[in-house]
Amino acid sequence: MVRFTEIIDASLEWTATVLFRPFKPKKWLILIFVGLMAGYLSGGCNLNLNRFGKDKSKNTGSLQSISAYTNTPVRKELKPSFPSTPQEIKHYILQQLKKPLILTLLICVILLFVLLTWLSARFTFIFLDNITKNDASVIMPFKAHREIGNSLFLFFLPFSVLSFSLLGWIIFYLFKSLVSLGVFTAAAKIAAGKILVVCAGYGLFILFWVFIAGTVNLIVMDFVVPFMFKDKIKFMRAWSKFTELFDRHKKDFFTFWALRVGLSICCNLAAGIFSFLAILVLILPIGIIVLGLFFPFFVLYKALPVIFYLLLFLIGLPILLFLGYCLRGIILPFGIFLRTLSLKFLARIDEKYDFF
């Protein structure tokens, strides 16, 4: 029988070993980066000329009325084919570039999403490799886990697209239903009960899908990924190994999942509290430094504002980004602990899956 208190104690012990025995700032910085990347630290060109010929259409209308009264044909003025004023030229260029820019931005977002998903899949194994070996390296594990990283990516990409698409579909139809009720119409008077019923119905769909997606993600990250890592096998074979092991130890797995969810909630709360306290501690020294540099920077701002903004961008922004990066180190112990927890559990279930 699995003793979960021993698993928790062993996970805490290994987390302390990785991070504090000995304490190495460089190791922390690398593990923060790996953990962040792995996700553990938690065209038509139509020209609209209506506005260009607006005033002249009024004149044409008045001339046509004169023509109808006097029975005299009047020659209509031709609208300009091309913009002539700077404002019209600017509007013309914006209209021409609008759709290509939107399309380019959309393609860039899609490519960035695919790239980040691919990197996250690879760094999932790098993070696991660093924890099990008590190491902090990137280059060698990145090359070593290429095949299984790509296999995990081929699962995560369609799964992520499906998850976001379903959530987007539900939210779209929720918004459409609210519009049909007249919620966004100022003059409409709608009973709060109708709005509540509609929101509750779609909300249940969202909660159901979040539960399904979260459960699948938990199974993959806590069990399928370790099987892929240990046996150097692809995703589907690792999933089959999980189902075989699950059939033999269903009670232990359900108990572990309940424990895992509870510990995750506790870790998130603790990480939030520690992060808040760390920010409070940093406020005083940062405030003293800012006050000390206020006068010279104020003089520089008045004399040479361009140099001031340049220094602010080149010095101030990197410092703020580095401090924010270091603050992620508060979450690192919790991420390593939760990652280790499932590994220790698998070792208790089956001795051949002892990763340490």
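Residues numbered from 1 in each chain as written. Predicted model: local features only at pLDDT ≥ 70, side-chain atom pairs only at ≥ 80, totals over all residues. Heavy atoms only, no water.

Caption draft 1: Here's a closer look at the packing of aromatic side chains. All told, the structure shown has 33 aromatic pairs when counted by the stated rule. Judged by centre distance (5.5 Å) and plane angle (65°), the ring pair of Phe-20 and Trp-28 falls under edge-to-face. Here Phe-20 falls in the partly exposed class, since its relative accessible area comes to 46%. Looking at Trp-28, the relative accessible area reads 12%, which means it is buried. Plain terms: the ring middles of Phe-254 and Trp-257 are 5.5 Å apart, the flat faces sit at 75° to each other, and that makes the pair edge-to-face. Linking Phe-254 with Trp-257, this pair stays in helix H9 (residues 250-303), spanning three residues, or about one helical turn. Among the residues examined, Trp-257 registers a relative accessible area of 14% and is labelled buried. Over the aromatic face of Phe-142 sits the side chain of Arg-122, whose NZ or CZ is 4.5 Å from the ring centroid. A cation over an aromatic ring shows up here: Lys-344 above the ring of Phe-356, its NZ or CZ 4.1 Å from the ring centre. (Phe/Tyr/Trp six-rings, centres within 6.5 Å; stacked < 30°, edge-to-face > 60°. Buried < 20%, exposed > 50% of the residue type's maximum accessible area, 1.4 Å probe, protein only. Helix = DSSP H or I, 4+ residues; strand = E, 2+ residues; numbered from the N terminus. Lys NZ or Arg CZ within 6 Å of the ring centre and 35° of its normal.)

Caption draft 2: Seen up close, the pattern of salt bridges. Per the counting criterion, the structure on display carries five salt bridges. For Glu-13, the salt bridge goes to Arg-21, with nearest N and O atoms at 2.5 Å. On the basis of relative accessibility, which here comes to 43%, the residue Glu-13 falls in the partly exposed class. Look at Arg-21 and you get partly exposed, because its relative accessible area is 46%. (Salt bridge = Lys/Arg side-chain N within 4 Å of Asp/Glu carboxyl O.)

Caption draft 3: Up close: helix H11 (residues 332-349). A rise of 1.5 Å per residue sets the reference length of H11, with its 18 residues, at 26 Å; its end C-alpha atoms lie 26 Å apart and thus fit the reference within 8%. Of all 18 residues that make up H11, 16 are buried, and the element is covered over most of its length. (Expected span 1.5 Å × (residues − 1).)

Caption draft 4: Highlighting the layout of surface pockets. In this model, the second largest pocket occupies a volume close to 560 Å³. Lining the second largest pocket are 17 residues, and of these Val-290, Leu-293, Phe-297, Leu-312 and Gly-316 sit closest to its centre. With nine residues, helix H10 (residues 305-327) is the single largest residue contributor to the lining of the second largest pocket. (1 Å grid on protein atoms, 1.4 Å probe; cavity = no way out; pocket = protein on both sides within 12 Å on 5 of 7 lines; lining within 4 Å. Points joined across faces, edges and corners; volume = space filled by probe spheres on them.)

Caption draft 5: The arrangement of the nonpolar core in detail. Leu-152, Val-220, Phe-242, Trp-257, Leu-332 and Phe-345 are the most contacted members of the largest nonpolar core, which has 66 residues in total. Residue assignment for this core shows that the elements contributing at least two residues are helix H1 (4-20), helix H2 (25-38), helix H4 (86-133), helix H6 (146-181), helix H7 (192-231), helix H8 (235-248), H9 and H11. The element contributing the most residues to this core is H7, with 12 residues. Excluding its chain neighbours within four sequence positions, the residues that come into contact with Phe-242 are Ile-219, Phe-223, Val-224, Phe-227, Phe-253 and Trp-257. (Core = buried A, V, L, I, M, F, W, Y, C linked by side-chain atoms within 4.5 Å. Contact = heavy atoms within 4.5 Å.)

Caption draft 6: Spotlight on the confidence of the model for the chain. On average, residues of the chain score 82 in pLDDT, and 83% of them reach the 70 mark or higher. Scored below 50 in pLDDT, residues 43-70 makes 19 contacts in the model with residues more than four places away or belonging to other chains. (pLDDT = per-residue confidence, 0-100.)

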